[in-house]
Amino acid sequence: MKNAANPGAASRGKVTVERTFDSPIEDVWELWTTKEGIESWWGPDGFAVVVHAIDLRPGGKLRYAMSAVQPEMVAYMKQQGMPTTNECTLTFTEVVPNQRLAYLHLADFIPGVEPYEVVHVVELQQTPAGVRMTLTFDTMHADEWTERAKQGWENEVNKLGRALATRAKRPA
């Protein structure tokens, strides 16, 4: 993989993360598309997310802050020369309720690398085993950062599963 400062999406590879959740498809969609839902699971372990605004339509934006909150994550971010809180923006490109969510996420937090957009696509499908979620996203500018992104998403999708399990235990 090239280590270009501003890679073109067309020349980049894709990474896929899949899970099946024993939850109603509406719950999975809600956790991907609402302030409360996103704040309940988004961000890797050791980080917290606060959603500032969400406009769920093609061309609409999600603006949020992701902050390191666990001491070891705060120390890691500082050691890497990165801020402990990042203000993030993504732009929705496709919204098909309970089926598909696509967006461009601005990667503007990497020291020494010009900002670039990363395409993400979330697809939901009801199966006999539950809701099959497939998340596909562009590789990053370097293999190390692609691996970080993959590990981060694996962690976050596990958090999504825990958030869905918690919802399932709520009284009706």
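Residues numbered from 1 in each chain as written. Predicted model: local features only at pLDDT ≥ 70, side-chain atom pairs only at ≥ 80, totals over all residues. Heavy atoms only, no water.

What should I look at first to understand the overall build of the protein chain in this one?
Summing up its helical and strand segments, the protein chain has four helices and seven strands in all. Against the globule reference of 16 Å for 172 residues, the protein chain gives a C-alpha radius of gyration of 16 Å, in line with a compact fold. Burial statistics for the protein chain: of 172 residues in total, 42% are counted as buried. Partitioning the intrachain contacts of the protein chain with sequence separation of at least 6 by distance along the chain shows that 54% fall at a separation of at least 24. Accessible surface, the protein chain: about 8900 Å² in total, of which carbon and sulfur atoms supply 52%. Charged side chains in the protein chain number 18 positive and 22 negative. The centres of these two groups are separated by 0 Å. (Helix = DSSP H or I, 4+ residues; strand = E, 2+ residues; numbered from the N terminus. Rg over C-alpha atoms; globule rule 2.2 N^0.38 Å. Buried < 20%, exposed > 50% of the residue type's maximum accessible area, 1.4 Å probe, protein only. Contact = heavy atoms within 4.5 Å. Areas by Shrake-Rupley, 256 points an atom, 1.4 Å probe, with all protein chains shown as cover. Lys, Arg positive; Asp, Glu negative; His and termini not counted. Charge placed at Lys NZ, Arg CZ, Asp CG, Glu CD.)

Just checking my understanding: could you explain the environment of Glu117 for this structure?
With respect to the helices and strands, the residue Glu117 is situated in strand β6 (residues 116-127). Classification of Glu117 as partly exposed rests on a relative accessible area of 41%. Along the chain, Glu117 and Trp42 lie 75 residues apart, while their C-alpha atoms are 19 Å from each other. With sequence-adjacent residues up to four places away left out, Glu117 is seen in contact with Arg12, Leu104, His105, Leu106 and Asp138.

Would you take a moment to explain the environment of Thr134 for this structure?
By the element assignment, Thr134 lies in strand β7 (residues 130-138). Judged by its relative accessible area of 15%, Thr134 falls in the buried class. For the pair Thr134 and Pro58, spaced 76 residues apart in sequence, the C-alpha to C-alpha distance is 20 Å. Not counting chain neighbours up to four residues away, the residues in contact with Thr134 comprise Thr16, Val17, Glu18, Val121, Val122 and Glu123.

Help me understand the nonpolar core, please; the structure alone is not making it clear to me.
The nonpolar side chains of soluble globular proteins are, as a tendency, buried together. Within the largest apolar cluster, 45 residues are counted, with the highest numbers of intra-cluster contacts made by Trp32, Trp42, Tyr103, Met133 and Trp153. Here this core gets seven residues from one element, more than from any other, and that element is helix α4 (residues 143-168). (Core = buried A, V, L, I, M, F, W, Y, C linked by side-chain atoms within 4.5 Å.)

Got a minute to help me understand the pattern of salt bridges in this structure?
What the rule picks out here adds up to eleven salt bridges. In this structure, Lys35 and Glu39 form a salt bridge, with 2.7 Å as the shortest nitrogen-oxygen distance. Taken as a pair, Lys35 and Glu39 lie in helix α2 (residues 35-41) at a separation of four residues, close to a single helical turn. Among the ionic pairs, Arg57 bridges to Asp55, the shortest N-O distance being 2.9 Å. Residue class for Asp55 comes out partly exposed when judged on its relative accessible area of 31%. (Salt bridge = Lys/Arg side-chain N within 4 Å of Asp/Glu carboxyl O.)

Teacher, can you tell me more about unusual backbone geometry here?
Note: most residues except glycine have negative phi, and most peptide bonds are trans. Phi is positive for Asn98, which is not a glycine, with a value near 65°. Topologically, Asn98 is positioned in the loop between β4 (85-96) and β5 (100-107). By relative accessible area, Asn98 is classed as partly exposed at 24%.

I keep staring at the pairing of β6 and nothing clicks. Help me out?
Each regular strand carries side chains that alternate between the two faces of the sheet. Relative to β6, β5 runs antiparallel, the two sharing eight bridges. Of the residues in β6, the one forming a bridge with Tyr103 is His120. Here eight bridges tie β6 to β7, and the two strands are oriented antiparallel to one another. In the sheet register, Gln126 faces β7, and the bridge partner there is Val131. The turn joining β6 and β7, which pair antiparallel and follow one another in sequence, is formed by two residues. (Pairing = 2+ DSSP bridges.)

I'm lost on the packing of aromatic side chains in this one. Help?
Within the structure shown, the criterion is met by ten aromatic pairs. Relative to Trp153, the ring of Trp42 lies with its centre 5.5 Å away and its plane at 75°, an arrangement referred to as edge-to-face. Of the two residues, Trp42 is situated in the loop between α2 and β2 (47-54) and Trp153 in helix α4; the sequence distance between them amounts to 111 residues. Residue Trp153 is classed as buried on the basis of its relative accessible area, which comes to 8%. Here the aromatic cluster, defined as three or more aromatic residues joined through ring pairs, consists of Trp32, Trp41, Trp42, Tyr64, Phe92, Tyr103 and Trp153. (Phe/Tyr/Trp six-rings, centres within 6.5 Å; stacked < 30°, edge-to-face > 60°.)

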